[in-house]
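# Examining the three-dimensional arrangement
Residues per chain are reported as follows:
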Amino acid sequence: MTTSPDTTQKPVVVYGASGYTGRLICEYLREYGVPFVAAGRDGAKLQASMDRNVAGIETADYEVVEVTHDVASLTELFTGAQVVLNTVGPFSKWGPEVVEACLATGAHYTDTTGEQDWLITCDEKYGADFAAAGLLLAPGIAQMYTTGEIAAEVALERPGLDTLDIAVFWGGSPTIASTQTILFNAALSGAHYLEQNAYVPFDPDGGHTQLVIPGQHEVALALPWGGTSHPVWYRKDPRVANVKALGGVFNRGLMLAVPQIVAGAIAATEGMDADEKYLALAAAAATVMSEMPPRENPRLNKSLDSVHASGPLGRAHCVIHGNQNYKQTGLLQAYAAYALLQQPPRRVGFASGCQAFGHRELLGVLRSFGLVSEPVLTVES
C-alpha cells in the first residue's frame, strides 16, 4: 500500500530514507532546495528519522510516504517522479523491483550499491531498456566508487594509459547496511577484476593484500571488497583494458577481523537455500554492527582514493584525500538528482556517476562542500 504523494511538486524520491545514507541524501537535497519524498517500508520510522537525524529538516520541502516493496506499489509511488535515489540493499535482492518501477514510470535511477553482481545485472539486464527510454541507470554512486573513479579519470586525462590499479580507504565504522553488504557479497557472489576487458575472479581464499598508502609509512591491509564497481564501469571503455580495485578501512584491527567474520558467515550458511542464507547473513551482520554509527567527524572519518594508471610508455598517479565518506555519498546522490532535474545526463542507460555527469563536475561539487582536497597528480613520461 502507498499513500500517493504529489510527485509533480516533489520530483525526487529517496527510497530507504531512514537509513544512515538516506538521511544524508535528504540533508543535501534540502541544501540544494530540491523537494523530495522520503519513502520506505515503515512510515513511523521514516518520520522519526527525519525529525531527529536530518539537520535542517524543518526548512526542507518534503513528504514522508510508507510503501510496500513490490513493483505495483513502487510504480504507484514513482508515477510522476523524475528521479529515484535508492538506498535499500542488498540491492541484488531488493533492487529489481525498484529498477522495474522506475522503467515503468520513466524515472531516472541511482543507488549506492557496492555489489558487483548487481552492477553486472543492471548493465546486462536493464541497461538497454533504460537507454531506449532515454533514462539513466546509475548504480554505485558513492564515495567508495565514484571518488575513486574521479581519481582514475583525472589520471586518464593523459592518453595512452590502459591499466588502472585502484586503492580506496576510509576511516570509521561501517553502517548496518554496509556490514550486511560485505557478508552478502562474500557468501552469495564472487569478486572480479578486469583483465584484457574480461572479468577474472579474485581468489576467494587470497586473504589480505598489503598496500603502500600515500601519506603514511605503515603499509595497510586491503581486500577485494566485492570487486567494487570499477571493473564493470570500465569493461566497455576503449581506453582501459585492465582494472583491479582493492579497499579497506584504516583500522587495522577491523581489517584483520573481516576475513574471519566472512569465513564464519559462509560456513554457517552452507547448504541453505537463498532465502535462508539472507536471513542468516542478516543475523550475522547484526552481531557485528546492529546500531547506526555516530555522525561523521571530519577529524576522524578520513578517506583516501589512490589510482595508478599505466600504459606501455607512461604512468600517472592520482591521489584524492577527503573526509566523511558517507557525506560524500549523500552529496553525490543529491547532486545527481539536482542535475537530472535540470538537464539530461551525458549518457543514458547504464552509466557511472562520472560517465553521466562528468568527473571534473563531480570533483567540483565535492570540493565546494569541503569534502575532498585538490587531487595530487604525478605524471611520468
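Below is a short write-up of the structure. (Residues numbered from 1 in each chain as written. Predicted model: local features only at pLDDT ≥ 70, side-chain atom pairs only at ≥ 80, totals over all residues. Heavy atoms only, no water.)

The next point concerns the environment of Leu 281. Tracing the chain through its elements places Leu 281 in helix α10 (residues 274-288). You can call Leu 281 buried: its relative accessible area is 0%. Sequence spacing of Leu 281 and Pro 238 is 43 residues, and the spatial spacing of their C-alpha atoms is 38 Å. (Helix = DSSP H or I, 4+ residues; strand = E, 2+ residues; numbered from the N terminus. Buried < 20%, exposed > 50% of the residue type's maximum accessible area, 1.4 Å probe, protein only.)

In the segment running from Gly 89 into Pro 90, the intervening peptide bond is cis, with an omega of 0°. A positive phi angle, near 55°, is found at Trp 225, a position not held by glycine. The topology assignment puts Trp 225 in the loop between β11 (220-222) and α8 (230-234).

It is worth spelling out the environment of Ala 334 at this point. As for its placement among the helices and strands, Ala 334 is situated in helix α11 (residues 325-340). For Ala 334, a relative accessible area of 0% gives the class buried. The sequence separation of Ala 334 and Val 12 amounts to 322 residues, and the corresponding C-alpha distance is 9.4 Å. Here Ala 334 is in contact with Ile 25, Tyr 28, Leu 29 and Tyr 32, once residues within four sequence places are set aside. (Contact = heavy atoms within 4.5 Å.)

Their axes nearest at 10 Å, the elements α11 and helix α13 (residues 359-368) cross at an angle of 125°. Relative to α13, α11 is oriented oblique. α13 is crossed by α11, and the crossing has right-handed handedness. Contacts between α11 and α13 involve Gln 328, Leu 331, Leu 332 and Tyr 335 on the former and, on the latter, Leu 362, Val 365 and Leu 366. (Axes fitted to C-alpha atoms, helices over the stretch in contact; angles between N-to-C directions. Parallel < 35°, antiparallel > 145°, perpendicular 65-115°, else oblique. Left-handed = near helix turned anticlockwise from the far one by under 90°.)

Right, let's get into the sheet that holds strand β2 (residues 36-40). Across the sheet, which stays open at both edges, the seven strands sit in the order β3-β2-β1-β4-β5-β6-β15 with parallel pairing between neighbours. The open sheet terminates on both sides in strands that have one partner only, identified here as β3 (62-66) and β15 (349-350). Sheet topology note: the β2/β3 ladder contains five bridges and is parallel. Residue Ala 38 lies in a different strand from β3, and its bridge partner there is Val 64. Helix α1 (residues 20-32) contacts β1 (12-15), β2 and β4 (83-86) of the sheet and is inclined by roughly 160° relative to β1. Contacting β1, β2, β3 and β4, helix α3 (residues 71-78) crosses the sheet at an angle of about 145° to β1. (Pairing = 2+ DSSP bridges.)

Quick look at the side chain of Ser 49 now. Summarising the element assignment, Ser 49 is placed in helix α2 (residues 43-53). Residue classification places Ser 49 among the buried residues on the basis of a relative accessible area of 5%. Every residue in contact with Ser 49, bar those within four places of it in the chain, is listed here: Ala 17, Ser 18, Arg 23 and Val 54.

Okay, helix α9 (residues 252-268) next. An ideal rise of 1.5 Å per residue puts 24 Å on 17 residues; α9 measures up with 25 Å between its terminal C-alpha atoms. When the local axis directions of α9 are compared, the greatest deviation, roughly 30°, occurs at Val 258, which is followed within four positions by the proline Pro 259. Buried within α9 are the following residues: Met 255, Val 258, Val 262 and Ala 265. Backbone nitrogen of Gly 253 and a side-chain oxygen of the N-cap are separated by 3.0 Å at the start of α9; the cap is Asn 251. (Expected span 1.5 Å × (residues − 1). Bend = angle between axes of the 7 residues up to and from the residue. Polar contact = N/O pair within 3.5 Å; in protein donor to acceptor, adjacent residues only side chain to side chain.)

Turning our eyes to something else, we now look at the environment of Gly 171. Summarising the element assignment, Gly 171 is placed in the loop between β7 (163-170) and α7 (176-188). A residue is classified by how much of its surface remains accessible, and Gly 171, at 7% relative accessible area, is buried. Those residues within four positions of Gly 171 in sequence are excluded, and the remaining contacts are Phe 250, Leu 300, Asn 301, Lys 302 and Asn 325.

A separate point is the packing of helix α6 (residues 143-156) against α13. Viewed as axis vectors pointing N to C, α6 and α13 meet at an angle of 125°, and their least axial separation amounts to 9 Å. By the angle between their axes, α6 is oblique relative to α13. With respect to the hand of their crossing, α6 and α13 are arranged in left-handed fashion. Facing Thr 146, Thr 147, Ile 150, Glu 153 and Val 154 of α6, the residues of α13 in contact are His 359, Arg 360, Leu 362, Leu 363 and Leu 366. When the residues that make up the contact of α6 with α13 are grouped by side-chain class, the tally is five nonpolar, three polar and two charged. (Nonpolar A, V, L, I, M, F, W, Y, C, P; charged D, E, K, R; others polar.)

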